[in-house]
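# Survey of secondary and tertiary structure
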Amino acid sequence: RLCFVTADYPTAEAPAGGGMGAHAYALAHAVADLGHEVLVLSESDGATHEYQDGTVRVRALARPVPRHFKLGAFVPVPWIRRSFTVYRELRRQSRRRRFDFVRFPDGYGEGCRYSFSPLAPYSVHLHGPASVLQKWDGRPVPPGRARVESWLERRPAMHAPLVVAGTRWFAN
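Residues numbered from 1 in each chain as written. Predicted model: local features only at pLDDT ≥ 70, side-chain atom pairs only at ≥ 80, totals over all residues. Heavy atoms only, no water.

### A look at the side chain of Ser 83
You can see Ser 83 is positioned in helix H2 (residues 77–96). Polar contacts involving the side chain of Ser 83 include one to the main-chain amide nitrogen of Arg 113, which spans 2.8 Å. With sequence-adjacent residues up to four places away left out, Ser 83 is seen in contact with Gly 109, Glu 110, Gly 111, Cys 112 and Arg 113. (Helix = DSSP H or I, 4+ residues; strand = E, 2+ residues; numbered from the N terminus. Polar contact = N/O pair within 3.5 Å; in protein donor to acceptor, adjacent residues only side chain to side chain. Contact = heavy atoms within 4.5 Å.)

Right under this line is the structure:
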């Protein structure tokens, strides 16, 4: 029983998804086609809902309310909330039937909370952290917030039993 976590999974509302979502889509379907039970935890613009995408079960979690409590300029509140939402859902799903393995992308720190008390072995796949991509895109991020974002993305990879990268250079 495997779980793929990615906020960018392609859906009917957003068929293109992102690079991390497209990769998770292809990998989840390939693994499910081999006979494994696969759950994808994604993100929804509306209410939390579940659907079957071929042989893959998808649970799209409602995006947390965008309140920033005046911290938004300094702390990536939506990233932190997403990390806790993902952990709570993984814990809820594990009560029914434990996962054999969980896979996180490095972007947005989705696995940060999980890395403190994993419920099953997990991996972090290095695609290119959002904290780095924001610099390439020219998006201004205050230095304090950039440090927190970088930590949220690095923490799961630093503690994961397995880190997956396209090249050794990228992993280093």
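### Overview of the pairing of strand E1 (residues 2–5)
Here E1 shows a buried face lined by Leu 2 and Phe 4 and a second buried face lined by Cys 3 and Val 5. Note: E1 against strand E2 (residues 38–44), 4 bridges, orientation parallel. Bridge pairing in E2 places Leu 2 opposite Val 38. Alignment of E1 against strand E5 (residues 101–105), held across 3 bridges, turns out to be parallel. Each bridged residue has a counterpart across the sheet, and for Leu 2 the counterpart in E5 is Phe 101. (Buried < 20%, exposed > 50% of the residue type's maximum accessible area, 1.4 Å probe, protein only. Pairing = 2+ DSSP bridges.)

### Description of the pairing of strand E3 (residues 49–53)
Note that E3 and strand E4 (residues 56–62) share 5 bridges and pair antiparallel. Residue Asp 53 lies in a different strand from E4, and its bridge partner there is Val 56. Between the end of E3 and the start of E4, which pair antiparallel, lie 2 residues, with Gly 54 showing a positive phi angle near 65°.

### Let's talk about the packing of aromatic side chains
Per the stated rule, a full pass over the model turns up 7 aromatic pairs. Ring centres of Tyr 114 and Tyr 122 lie 5.4 Å apart, and the angle between their planes is 85°; on these two criteria the pair is classed as edge-to-face. The structure contains a cluster of three or more aromatic residues connected by ring pairs, namely Tyr 87, Phe 104, Tyr 114 and Tyr 122. Lying across the ring of Tyr 87, Arg 113 places its NZ or CZ 3.9 Å from the centre. The ring of Phe 116 is capped by Arg 155, whose NZ or CZ atom sits 3.7 Å from the centre of that ring. (Phe/Tyr/Trp six-rings, centres within 6.5 Å; stacked < 30°, edge-to-face > 60°. Lys NZ or Arg CZ within 6 Å of the ring centre and 35° of its normal.)

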